[in-house]
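Coordinate inspection notes
Here are the chains, one letter per residue:
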Amino acid sequence: MDSDKFKGRGSHIQPENRFLKRKEVFQFVEGLDMPKYEGRPVTKYFSDSVKNPLSKNDSPDLPLSFSINPYQGCEHGCIYCYARNSHTYWGFDAGLGFETNIVVKHNIVDKLKETFKKKGYQPTPIMLSGNMDCYQPAEKKFKLTRQILQTCLNYKHPVSLITKNSLVERDMDILVELAKLKLVHVYFSINHLDPGLKQVLEPRTATAEKKINLIGKFTDHGIPVGIMIAPIIPGINNNDILPILKLASQAGALRAGYTVVRLNGQLEEVFTEWLEREFPDRKEKVLHQIQSLHGGSVRDNDWGRRIKGEGPIAEVIRGIFQQGVKKYLDGRSMPEYDLSLFNPGNQLRLF
């Protein structure tokens, strides 16, 4: 059954890669072409090297200007993930290919050290990650995120990370030391509270309950934690905004943010197929509400609107979120980073 074959996968399709003239299929003597994933999809890892470990962005929608991504593609399988589109640049597809073909940037830690040592380098908080989850299942095997955090600790460089995976608890020892120096912010992405919805919306992530528990544990150990309710999908998870804020606040969260869903590029095809499969009765309503957020289209490249949306539904979401922040997080904030500690030579300080 397809439900068994695709268990743990968000997408069940392979959209064609517009950058490729070829398509990988199983071809039979009868002349019939079958999709590549005739059996159960299996995750494969591809090694790659980088010249510059840091990605720069100039978007006013994003708080940090630099990010570092040790992996490309993500086995979490979140059906709404905007990073699906960028996977086509690597020769894969934005559907199952994004979830099963993971690029591992094996030299990224060494390149990060080289960057920190460059003459004239000025420390600024970097986001780990910006285009996938740094604690996806691949991290358990390759440990690149842990090495990046250790490098930031060694050089006293500020870092912020966001994840949907409880694997981050493994690195609490490093995070505690970074927190003592005011060099780290940790964010958990929580956009619903329904374990059943998790199984189809973001199948290989941790449950909201696990993430809430980790917020409490990290807070008890002095690690500053915030949450991102992202993305909010009208008709799917918009009713959980206030409950999430309440639970996160009770656990010790210091800050919250949110985004609304948008379906740029091939994400529209991937998400629409998912709606047809999982919520056929809501498909048209959900798509129309997404369009109402983005000027009549499910796609959006306009700064500001692409993140928060505009129109009546966007205003309702904004109002609910602001109400929750005022009620549950009023007076709280993340600590300022201490940029003065940066030590490019990685030398011990005598004074």
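The rules behind each value
- Residues numbered from 1 in each chain as written.
- Predicted model: local features only at pLDDT ≥ 70, side-chain atom pairs only at ≥ 80, totals over all residues.
- Heavy atoms only, no water.
- Helix = DSSP H or I, 4+ residues; strand = E, 2+ residues; numbered from the N terminus.
- Expected span 1.5 Å × (residues − 1).
- Buried < 20%, exposed > 50% of the residue type's maximum accessible area, 1.4 Å probe, protein only.
- Arc of directions from axis to C-beta.
- Pairing = 2+ DSSP bridges.
- Axes fitted to C-alpha atoms, helices over the stretch in contact; angles between N-to-C directions.
- Salt bridge = Lys/Arg side-chain N within 4 Å of Asp/Glu carboxyl O.
- Right-handed = clockwise from strand over helix to strand, strands pointing away.
- Contact = heavy atoms within 4.5 Å.
- Core = buried A, V, L, I, M, F, W, Y, C linked by side-chain atoms within 4.5 Å.
- Lys, Arg positive; Asp, Glu negative; His and termini not counted.
- Parallel < 35°, antiparallel > 145°, perpendicular 65-115°, else oblique.
- Left-handed = near helix turned anticlockwise from the far one by under 90°.
- Nonpolar A, V, L, I, M, F, W, Y, C, P; charged D, E, K, R; others polar.

1. With respect to helix α13 (residues 312-328)
For α13, which comprises 17 residues, the first-to-last C-alpha distance of 24 Å matches the rise-based estimate of 24 Å (1.5 Å per residue) to within 8%. Of the positions making up α13, those classed as buried are A314, I317, F321, G324 and Y328. In an axial view of α13, the angular spread of the buried residues amounts to 100°, which keeps them on one side of the axis. Opposite the buried face of α13, by more than 90 degrees, sit the exposed residues P312, V316, K326 and K327.

2. Considering the environment of N154
Tracing the chain through its elements places N154 in helix α5 (residues 144-155). N154 gets classed as partly exposed once you look at its relative accessible area, which sits at 32%. Spatially, the C-alpha atom of N154 lies 9.6 Å from that of L178, the residues being 24 residues apart in sequence.

3. Thoughts on unusual backbone geometry
Cis peptide bonds are those with omega within 30 degrees of zero, and the linkage from L128 to S129 qualifies with 10°. Here S129 lies in the loop between β8 (126-128) and α4 (138-142). Omega for the bond connecting A230 with P231 falls within 30 degrees of zero, at -10°, which places this linkage in the cis form. Among the structural elements, P231 can be located in strand β11 (residues 225-232).

4. Section: the sheet that holds β11
If you walk across this open sheet you meet the seven strands as β4-β5-β8-β9-β10-β11-β12, and the pairing is mixed. Of all the strands in the sheet, the pair left with one neighbour each is β4 (54-56) and β12 (255-260). Recorded for the sheet is a direction-independent mean angle of 25° between the axes of neighbouring strands. Across four bridges, strand β10 (residues 184-189) lies against β11 in parallel orientation.

5. Some points on the pattern of salt bridges
Counted according to the given criterion, the structure contains 20 salt bridges. With its nearest N and O atoms 3.4 Å apart, the salt bridge here joins R305 to E310. Given a relative accessible area of 40%, E310 falls into the partly exposed group. Three or more residues are tied together by salt bridges with common partners; here these are E139, R146, R170, D171 and D173.

6. Observations concerning the pairing of β12
Of all six residues in β12, five are buried; the element is thus mostly enclosed. The pairing of β11 with β12 spans five bridges and is classified as parallel. In the strand pairing of β12, G226 is matched with R255. Tracing the backbone out of β11, into helix α9 (residues 241-251) and back to the parallel element β12 gives a crossover that is right-handed.

7. Re the environment of L181
If you trace the backbone, L181 turns up in the loop between α6 (172-180) and β10. With a relative accessible area of 26%, L181 lands in the partly exposed category. Separated by 106 residues in sequence, L181 and E75 have C-alpha atoms that sit 33 Å apart. In this structure, L181 is in contact with L153, K156, D338 and L341, ignoring residues within four places of it in sequence.

8. Points about the nonpolar core
Within the largest apolar cluster, 89 residues are counted, with the highest numbers of intra-cluster contacts made by L175, I215, F218, I227 and F271. The contact partners of F218, leaving out residues within four places of it in the chain, are V168, E169, M172, L175, V186, F188, I223 and V225.

9. Comments concerning the sheet that holds strand β3 (residues 44-48)
With mixed pairing, the three strands of this open sheet are ordered in space as β3-β7-β6. Strands with a single pairing partner mark the edges of an open sheet, and in this sheet they are β3 and β6 (71-72). Bridging between β3 and strand β7 (residues 101-105) involves five bridges; their strand directions are parallel. Pairing of F46 across the sheet is with V103, part of β7.

10. Quick word on the side chain of K211
Take K211: it is sitting in helix α8 (residues 208-220). Look at K211: it is buried, it has no salt bridge, and the nearest opposite charge is E202 at 4.3 Å. With sequence-adjacent residues up to four places away left out, K211 is seen in contact with K164, F188, S189, I190, E202 and A206.

11. Some remarks on the packing of α8 against α9
Two elements in contact, α8 and α9, have axes whose closest approach is 8 Å; the angle formed by their N-to-C orientations is 25°. Classified by the angle between their axes, α8 and α9 sit roughly parallel to one another. Considering only the axes of α8 and α9, their crossing is right-handed. Residues I212, I215, G216 and T219 of α8 pack against L247, A248 and A251 of α9. A breakdown of the residues in the contact of α8 with α9 according to their chemical character gives five nonpolar, two polar and no charged.

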